[in-house]
Amino acid sequence: MRRALAAVVCTISTTLAAAGCADNGNNTGMMSGNAQDDPPSQTTAEAGTRPGTVADAAGTRPTGTRGDASSQRGPDATTPTTPTTPETPATPETPATPNDGTMTVADCAALPEPKGAGSARAVVVDAAQVSGMIHSIQGAHWDPGAASGALSKTYKDIGVDMIRTHDACGIQGSGCGDVDGPGRGKMVPNLMADPALEASYSFAASDAMIKNIVDTGAEVFFRVGRSNISGSGTVPPNFDKYAEFVKHIVMHYNKGWANGFRYGIKWWEIWNEPDFTPFWSGTGAQYLELYGKVARAIREADSEVLIGGPANASFNDMRSTRGSLMKYVVDNKLPLDFFSFHKYTNHTNDPYEFKRMAEDLIAELAKYDLTKTVIVNSEFWTSLIGDSVIGGQAGQAAFLAQSLIYQQPVVAKSMHYGRVSSGKTKLGEAFSQISKLNATPRKLCHKTQAGEDNGFAVLAGRGETDHKLQVAIASYRVPANLMGPSTLEEDISVTIMSYLPRRTIMYPSTKGYELTIKNIPDSWGDVTVETYRVDSANTNMMLSTKTVKASERMQGSFTVQGAGWGATQGAEQGVDLVVVTGQ
């Protein structure tokens with residue numbers, strides 16, 4: 001069944017706060033407020049072969065993405081590198097078991113489900129069982145501004161380590177970072193010009209934005225195409241010429257061409273939402289042709305980068321940008337190092353959807369033997385159509401934390417689309433709590449009473465060398481009116497949206513949690529246990545601290561009691577980070 005939505009303004013991204021629909025310089029917007037207020041390798045066909053597991057950041061961080069951008073200029077590179085087979089996102093290796101009392105396990109099924117006493121929901125973490133490695137998916141959008149500014153500092157403080165260039169200077173903004181288009185900050189003012197001439201480019205606005213990203217210490221996720229500005233959907237008149245422009249842009253930022261840089265930007269995404277009319281008014285066949293020409297041009301400019309797309313939002317192949325793209329890259333021996341998608345939780349506000357959608361794409365990639373192609377969720381957030389989130393800011397914070405936890409095993413990267421304001425907000429601090437787990441990357445086995453797809457999401461990690469362990473527990477509930485059977489397709493005038501069946505979730509009647517941490521090594525001695533909370537009453541405040549002596553641990557175990565989070569409409573919405581530090 002299909003039904004039309006009223007007032008689809010620009011694209012799936014456009015229903016965000018009005019502040020985002022103007023060129024606002026450094027884009028100091030919001031990452032707080034309630035739901036109503038917030039805008040939120042090539043193997044087969046040289047395309048890679050992998051769904052499912054993801055490596056640490058799906059490839060190493062490229063040299064030259066950190067530090068002062070001015071120090072990374074290089075001499076002009078007039079000749080692109082000879083294409084070679086690039087480094088593909090690797091399947092993560094099973095972590096070596098050090099001599100510290102841990103053992104590596106293939107899965108955590110053998111860990112028994114805990115049962116709590118009283119009303120608390122039981123969680124158990126085994127410090128001796130390592131099931132893999134935590135990798136960072138702490139990505140964001142928007143120009144963070146100059147390194148001396150408050151917003152740039154906030155990005156650093158909360159652990160943003162990848163920023164996508166799409167809409168970097170605002171919805172209906174200047175278009176910095178755009179190849180071409182209606183924005184005044186585009187890099188190519190005239191597509192009829194000669195791509196080989198430096199005079200054909202205007203890099204100033206994009207150079208400034210890229211420098212701001214690099215100065216935060218984050219990686220650049222470079223979207224090739226245009227921002228969300230009226231008139232951005234026109235088809236380039238000459239695909240061969242357009243690809244040459246893109247090649248020289250890669251050379252500018254990675255090879256020093258045209259008084260450029262040697263940033264080593266690793267991730268290059270070809271277009272934004274070609275399944276949406278505002279971004280692509282042409283046919284699916286035209287997009288596939290453009291993808292092929294641009295992908296080959298990028299590879300010619302820099303053989304070490306990762307190339308992918310299409311940043312789909314519709315979750316179907318009606319515009320020939322899903323399975324058709326997979327088949328096209330196989331048939332034409334093109335690179336597809338990552339497959340990117342977008343998701344806003346319209347009609348559900350269920351953070352588990354991101355995991356389900358990634359798994360669905362992984363399964364489809366496998367049909368084409370693309371089993372090394374990793375999944376990237378390059379734009380996501382809550383519903384764009386006014387569906388409620390229980391608990392306002394605290395509910396959104398819990399939603400974000402669960403989104404990041406659920407995506408951990410299935411995506412290589414993810415980029416949240418909410419606007420980050422400078423200073424301390426509940427949403428920013430929830431993001432920060434999950435970021436902190438990257439410092440304890442050895443993923444530990446855990447189990448939760450009644451499972452972790454119905455209200456609780458848990459991620460636990462242990463340091464590689466230090467005596468430190470961290471556990472994040474996020475509690476979130478989907479509103480009752482957003483559960484149960486629903487239409488699977490929807491005509492929103494600019495495309496046909498497809499949806500996975502909505503879940504019906506039975507939430508356990510519990511309050512707070514009882515966290516048992518097992519098998520803390522005796523060598524850690526007395527341990528300090530600190531609990532930090534984000535909920536309606538707390539913004540990453542230390543909730544409690546205590547010392548557990550080695551002599552008090554029963555067979556290396558102890559328990560942390562977590563009181564209930566602030567509740568709205570009977571739903572506890574919040575995030576706790578439990579930090580255990582030994583001697």
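Residues numbered from 1 in each chain as written. Predicted model: local features only at pLDDT ≥ 70, side-chain atom pairs only at ≥ 80, totals over all residues. Heavy atoms only, no water.

(A) Up close: helix α8 (residues 426-436). For α8, the tally of buried residues reaches ten of eleven residues, placing the bulk of the element in the interior. All of the buried residues in α8 are K426, L427, G428, E429, A430, F431, S432, Q433, I434 and S435. (Buried < 20%, exposed > 50% of the residue type's maximum accessible area, 1.4 Å probe, protein only. Helix = DSSP H or I, 4+ residues; strand = E, 2+ residues; numbered from the N terminus.)

(B) Structural detail: the side chain of H141. Looking at where H141 falls in the secondary structure, it is placed in the loop between β3 (139-140) and α1 (150-158). By relative accessible area, H141 is classed as buried at 0%. Side-chain polar atoms of H141 contact the side chain of R164, separated by 3.2 Å. A polar contact of 3.1 Å, which involves the side chain of H141, links it to the backbone oxygen of H416. In contact with H141, not counting residues within four places along its chain, are Y155, I163, R164, H166, S378, E379, M415, H416 and Y417. (Polar contact = N/O pair within 3.5 Å; in protein donor to acceptor, adjacent residues only side chain to side chain. Contact = heavy atoms within 4.5 Å.)

(C) Molecular detail of the environment of G233. Here G233 lies in the loop between β5 (219-224) and α3 (239-254). In this structure, the C-alpha to C-alpha distance between G233 and T277, residues 44 residues apart in sequence, is 6.5 Å.

(D) Summary view of the confidence of the model for the protein. In this model, the protein carries an average pLDDT of 87, and 83% of its residues clear a pLDDT of 70 or more. Overall, residues 1-71 carries pLDDT values under 50, and its contacts beyond four positions in sequence, including any with other chains, amount to 262 contacts. Below pLDDT 50 for its whole length, residues 88-94 participates in 21 contacts with residues either more than four positions away or in separate chains. (pLDDT = per-residue confidence, 0-100.)

(E) How the structure looks around the state of the cysteines. All told, the structure shown has two disulfides when counted by the stated rule. Through a disulfide, C108 is tied to C445; the S-S separation comes to 2.0 Å. Since a negative S-S torsion denotes a left-handed disulfide, the C108-C445 link at about -75° is left-handed. Of this pair, C108 sits in the loop between β1 (103-104) and β2 (121-133) while C445 sits in strand β11 (residues 442-448); the two residues are 337 residues apart in sequence, bridging distant segments of the chain. An identical accessibility class is assigned to C108 and C445; each is buried. Each sulfur of the disulfide joining C169 and C176 lies 2.0 Å from the other. Handedness of the C169-C176 disulfide follows from its S-S torsion of about 95°: it is right-handed. Assigned by exposure class, C169 and C176 land together as buried. Going through the protein in sequence order and numbering each bonded cysteine, the pairs you get are 1-4, 2-3. (Disulfide = S-S within 2.5 Å.)

(F) Inspection of the pairing of strand β17 (residues 527-535) at higher detail. Across nine bridges, the pairing between β17 and strand β18 (residues 538-548) is antiparallel. The residue of β18 that forms the bridge with E530 is T545. As judged from the seven bridges shared by β17 and strand β22 (residues 574-581), these two strands associate in the antiparallel manner. Residue pairing in the sheet places V529 in a bridge with V580 of β22. (Pairing = 2+ DSSP bridges.)

(G) Highlighting the packing of aromatic side chains. The final tally for this structure, using the stated rule, is 25 aromatic pairs. Taken together, a centroid distance of 6.2 Å and an interplanar angle of 80° make the contact between F203 and Y253 edge-to-face. Of this pair, F203 sits in the loop between β4 (162-164) and α2 (204-215) while Y253 is found in helix α3, placing the two residues 50 residues apart along the sequence. An identical accessibility class is assigned to F203 and Y253; each is buried. Arranged with centres 5.5 Å apart and planes meeting at 85°, the rings of W381 and F399 form a pair that is edge-to-face. Of this pair, W381 sits in strand β9 (residues 374-382) while F399 sits in helix α7 (residues 392-407); the two residues are 18 residues apart in sequence, bridging distant segments of the chain. Site record: aromatic cluster; members linked through ring pairs are Y201, F203, F222, F245, Y253, W257, F261, Y263 and W268. The ring of F456 carries R121 above its face, with NZ or CZ at 4.6 Å from the centroid. Looking at R419, its charged tip hangs above the ring of W142, at a distance of 3.5 Å from the centre. (Phe/Tyr/Trp six-rings, centres within 6.5 Å; stacked < 30°, edge-to-face > 60°. Lys NZ or Arg CZ within 6 Å of the ring centre and 35° of its normal.)

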